[in-house]
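Reading the structure
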Amino acid sequence: ARYTYNYVKENGVWKIQHHHSSIMPEGMDLGKPITEDEVRGLFSLWNNALATEDPTQVAKRYAKAGVLLPTVSDTPRTDEASITDYFVNFLKLKPQGEILESYVTIGNNWCQDVGIYEFTMGATGKKVRGRYSFVYVYEDGEWKIN
C-alpha cells in the first residue's frame, strides 16, 4: 500500500492533520477490457446455449447473482434453479434470437447491451420481437449475464 501523512505543529507538538492510504496501482483490478463488438458478441454465447436445448447450459451463462426478467414471462427468476426452470419450457419452442438494434455501455468489469431483438421459434415458426437488456459481469474468468 502507499500512504501519505500531513502534519501540523500545534502547541509545540506535531500532530497528524490528514492521513490517506491506498492500494498500490499494480495491486488494483482495473477490469477486464472489452470492446463494443465483443459485448455484442456475448449474445452469441447465450444464443448458442439456447441452441443446445439444454436448460442447464443456458443457466450457466448467468452470474451467481444473476436475474432473468424473461421476455415471455412476468415472473423474475433470481437464482440458478428458477432460471433453469424457466428455460425447461422456453427451450421446447426451439428459440433462436437475432439482435435488431443494439446499444452498448462499458464499465469496469461490467458492460451492458440493450435494444430490440427477435426470436424465431423453430418449433412453430412464430416470431416474437421484444426489448432486451443484458448486463454482463466478469466473473470466474468469463463474462456472465447479471
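A brief look at the structure comes next. (Residues numbered from 1 in each chain as written. Predicted model: local features only at pLDDT ≥ 70, side-chain atom pairs only at ≥ 80, totals over all residues. Heavy atoms only, no water.)

Scanning the protein from N- to C-terminus turns up 3 helices and 6 strands. Starting at the N terminus and walking to the C terminus, you meet the elements of the protein as β-β-α-α-α-β-β-β-β. For the protein, the residues scored as buried account for 32% of the 146 residues in total. Sequence-distant contacts in the protein: of pairs separated by 6 or more residues, those separated by 24 or more amount to 45%. (Helix = DSSP H or I, 4+ residues; strand = E, 2+ residues; numbered from the N terminus. Buried < 20%, exposed > 50% of the residue type's maximum accessible area, 1.4 Å probe, protein only. Contact = heavy atoms within 4.5 Å.)

Moving on, we come to the pairing of strand β6 (residues 142–145). Across 4 bridges, strand β5 (residues 127–139) lies against β6 in antiparallel orientation. Within β6, the residue paired with Val-137 across the bridge is Lys-144. The loop that links β5 with its antiparallel partner β6 comprises 2 residues; one of these, Asp-140, has a positive phi angle of about 55°. (Pairing = 2+ DSSP bridges.)

Right, let's get into a nonpolar patch on the surface. Together, Tyr-7, Trp-14 and Ile-16 make up a nonpolar patch on the protein surface, roughly 390 Å² of accessible area in all. Structurally, Tyr-7 is set in strand β1 (residues 2–10). Relative accessible area serves as the criterion here: at 48%, Tyr-7 is assigned to the partly exposed category. (Patch = residues over 30% accessible without salt bridge, like charges linked within 9 Å, V, L, I, M, F, W, Y side chains within 5 Å. Areas by Shrake-Rupley, 256 points an atom, 1.4 Å probe, with all protein chains shown as cover. Salt bridge = Lys/Arg side-chain N within 4 Å of Asp/Glu carboxyl O.)

Now for the nonpolar core. Counting residues in hydrophobic clusters, the biggest one holds 27 residues, and the most contacted among them are Trp-46, Val-58, Tyr-62, Phe-87, Phe-134 and Tyr-136. The set of elements that each furnish at least two residues to this core consists of α1 (36–51), α2 (55–59), α3 (80–90), β4 (110–121), β5 and β6. Tallying contributions element by element places α1 first for this core, with 6 residues. In this structure, Val-58 is in contact with Trp-46, Ala-49, Leu-50, Phe-87 and Leu-91, ignoring residues within four places of it in sequence. (Core = buried A, V, L, I, M, F, W, Y, C linked by side-chain atoms within 4.5 Å.)

Among all positions of α3, only Ser-82, Ile-83, Thr-84, Tyr-86, Phe-87 and Phe-90 are buried. Those residues of α3 hidden inside the fold are in contact with α1, α2, β3 (95–106) and β4.

By the bridge criterion, 11 bridges tie β3 to β4 in an arrangement that is antiparallel. When the bridges of β4 are listed, Val-104 appears paired with Asp-113. Relative to β5, β4 runs antiparallel, the two sharing 11 bridges. The partner of Val-114 across the bridge, within β5, is Ser-133. Hairpin connection of β4 to β5: 5 residues between the antiparallel strands, including Gly-125 at a positive phi of 85°.

All quantities given are derived from atomic positions and should not be read as evidence of function.
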